[in-house]
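Per-entry structural report
This is what each chain is made of:
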Amino acid sequence: MSGKENEYFNDKVGFIELVKCPISQSYCAGHLKKINKSVQLSRGNWISKDYPKAIEELKEAFDQTLKINPSECARCTVVFRLSIIRSMENLYEDLRQMSSGFFRAKRHQSSLKLASEVLQEMRERSQSR
Ligand SMILES: [Zn+2]
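Summarised in this report is the structure supplied together with it. This one's a predicted model, so the numbers in the text were calculated from it and none came from an experiment.

Within the protein one finds five helices and two strands. Reading the helices (α) and strands (β) of the protein from amino to carboxyl end gives α-β-β-α-α-α-α. A buried classification covers 31% of the 129 residues belonging to the protein. Residue pairs in contact within the protein that sit at least 24 positions apart in sequence constitute 60% of those at least 6 positions apart.

Structure follows, in structure tokens:
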């Protein structure tokens, strides 16, 4: 992913910002509001270690991006999806680290599997317009 996309998403704060939207500012902002609601719920669950819920909320956020008409603003559509996928990758990586090595926790195995499946699905769907 290029640096250009990264500036849209502050993963530490847990929301996507609307910057440099080239076309439909209010259209994109309206969709982004719903997306960020799910992204922030996901972040909250992630922090409180409720991983299945965190995954579910990110999936919800991604589903919101599928409601955006790319012909309104192709750039934001792509950026929102990539940001959510990146967050999902981070979550997956967290779970993977907790599930492997010396301190591996078996209880995270099912979350890891779920994260992997959802991530795969997101990647596939982000490519189909
Ligand atoms: Zn836009």
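Alright, that's what it looks like, and here's the rest.
Our next topic: helix 3 (residues 51-65). Here helix 3 spans 21 Å end to end across 15 residues, near enough to the 21 Å set by a 1.5 Å rise per residue. Within helix 3 the residues assigned to the buried category are Y51, A54, I55, E57, L58, K59, A61, F62, Q64 and T65. Among the structural elements, helix 2 (25-47), helix 4 (74-99) and helix 5 (109-127) are those in contact with the buried residues of helix 3.

The next subject is the nonpolar core. Core analysis: the largest hydrophobic core is formed by 25 residues, its most contacted members being L58, F80, I84, M88 and L91. Broken down by secondary-structure element, the contributors of at least two residues to this core are helix 2, helix 3, helix 4 and helix 5. In this view, M88 contacts L58, A115, V118, L119 and M122; residues no more than four positions away in its chain are not counted.

So, on to helix 4. With 26 residues, helix 4 should cover 38 Å at 1.5 Å per step; its first-to-last C-alpha distance of 37 Å lies within 8% of that length. Directly after helix 4, the chain includes G101, whose backbone phi takes a positive value near 80°.

Turning our eyes to something else, we now look at the packing of helix 2 against helix 3. Viewed as axis vectors pointing N to C, helix 2 and helix 3 meet at an angle of 170°, and their least axial separation amounts to 7 Å. Judged by the inter-axis angle, helix 2 sits roughly antiparallel to helix 3. The segment helix 2 lies against helix 3, with H31, K34, I35, S38, V39, L41, S42, N45 and W46 engaging K53, A54, E57, L58, E60, A61, Q64 and T65. Split by residue class, the contact of helix 2 with helix 3 holds seven nonpolar, six polar and four charged.

Here we take up unusual backbone geometry. Phi is positive for K49, close to 65°, though the residue is something other than glycine. Its location among the elements puts K49 in the loop between helix 2 and helix 3.

In this fold, D94 is placed in helix 4. D94 sits in the partly exposed class, given 18 other C-beta atoms within 10 Å. Between the alpha carbons of D94 and L112 there is a distance of 9.0 Å; along the sequence they are 18 residues apart.

What counts, and at which threshold
- Residues numbered from 1 in each chain as written.
- Predicted model: local features only at pLDDT ≥ 70, side-chain atom pairs only at ≥ 80, totals over all residues.
- Helix = DSSP H or I, 4+ residues; strand = E, 2+ residues; numbered from the N terminus.
- Buried ≥ 20, exposed ≤ 12 C-beta atoms within 10 Å, placed from the backbone.
- Contact = placed C-beta atoms within 7 Å.
- Expected span 1.5 Å × (residues − 1).
- Core = buried A, V, L, I, M, F, W, Y, C linked by C-beta atoms within 7 Å.
- Axes fitted to C-alpha atoms, helices over the stretch in contact; angles between N-to-C directions.
- Parallel < 35°, antiparallel > 145°, perpendicular 65-115°, else oblique.
- Nonpolar A, V, L, I, M, F, W, Y, C, P; charged D, E, K, R; others polar.

So yeah, pure geometry; function would need other evidence.
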